[in-house]
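# Remarks on the overall topology
The primary structure of each chain is shown beneath.
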Amino acid sequence: HNLKGSNFLKIFQKMKIKNIQSSQFIETLEINYSFLRKLENTIRLFNNKYSSELPSNSDTLYEIALKMGYEQIEKFEDDFKRIRDEIKNKWDEFII
C-alpha cells in the first residue's frame, strides 16, 4: 500500500479509503494525533520555539494544561500518558 505523505491526517484518510484498518482504529489515531499536535503547538507558544517535549517546570506544565482545557494537571498528565500509550499500541498493532 502506498501511504507516502507528510501529513498524518491525510495518511489516515488514505488508510480509510483503502480499507487498510478499521474505522475505529483510524479514528483513535486521528483523535490522539490531533491532541498531540495541539499540545505541540501549545508548548511552542510557551517556549517561543519548536519543541515537542513537555516542560519539566511544573508551573509551565500547569499553564499548558490550562491552555489545553484542563483544570487539573493530573487529568492532563493521565490523558497524555494514555494517548501516548494508545498511539504506540496502535502502531505496534499495525506494524506487527
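On a predicted model such as this, the values are computed, not experimentally measured, just so you know.

The rules behind each value
Residues take numbers from 1 onward in each chain, read along the sequence in its written order. With the structure being a predicted model, the display of local features is reserved for residues of pLDDT at least 70 and the display and counting of side-chain atom pairs for 80 or more, all residues being used for whole-chain, interface and lining totals. To obtain the side-chain values, all non-hydrogen atoms of the structure were included, while hydrogens and water were left out. Secondary structure follows DSSP: runs of H or I at least 4 residues long count as helices, runs of E at least 2 residues long count as strands, and numbering of each begins at the N terminus. When a residue's accessible area, from a 1.4 Å probe over protein chains only, is under 20% of the maximum for its type it is buried; when over 50% it is exposed; and in between it is partly exposed. Each accessible area is a Shrake-Rupley result for a 1.4 Å probe, and residues are judged covered by the shown protein chains and nothing else. For the charge count, each Lys or Arg is scored as positive and each Asp or Glu as negative, with His and the chain ends excluded. For the purpose of locating charges, the reference atoms are NZ of Lys, CZ of Arg, CG of Asp and CD of Glu. What pLDDT reports is the predictor's confidence in each residue, on a scale of 0 through 100. Between two residues, a contact is recorded if the distance between any of their heavy atoms is within 4.5 Å. Within 6.5 Å between ring centres, the rings of Phe, Tyr and Trp (the latter by its six-membered ring) count as paired, and their orientation is classed by plane angle as stacked under 30 degrees, edge-to-face over 60, tilted in between.

This part takes up the overall build of the chain. When its secondary structure is counted, the chain shows 4 helices and 0 strands. Along the chain, helices and strands appear, N-terminal first, in the series α-α-α-α. By principal-axis analysis of the C-alpha atoms, the chain measures approximately 45 × 25 × 20 Å. Residues counted as buried form 31% of the 96 residues belonging to the chain. Working note: accessible area of the chain is about 6,900 Å², and carbon and sulfur atoms make up 48% of it. Taking the 16 positively charged and 15 negatively charged side chains of the chain as two groups, their mean positions are separated by 10 Å.

The next thing to look at is the confidence of the model for the chain. Residues shown with low pLDDT carry predicted positions that ought not to be read at fine detail. Averaged over every residue, the pLDDT of the chain is 83; the share at 70 or more is 93%. No element of the chain has a lower mean pLDDT than helix α1 (residues 8–17), at 76, and none a higher one than helix α3 (residues 58–67), at 93. Per-residue pLDDT stays below 50 along residues 1–5; that stretch engages in 10 contacts with residues further than four places along the chain or on separate chains.

What follows covers the packing of aromatic side chains. According to the stated counting rule, one finds 2 aromatic pairs in the structure shown. Ring geometry for F35 and F76: centres 6.4 Å apart, planes at 35 degrees, overall tilted. With F35 in helix α2 (residues 23–47) and F76 in helix α4 (residues 73–95), the pair connects residues that are 41 residues apart, well separated along the chain. Here F35 falls in the buried class, since its relative accessible area comes to 12%. Taking relative accessible area as the criterion, F76 reaches 0% and is therefore assigned buried. Ring centres of Y70 and F76 lie 5.4 Å apart, and the angle between their planes is 75 degrees; this geometry places the pair in the edge-to-face category. Like F76, Y70 is buried.

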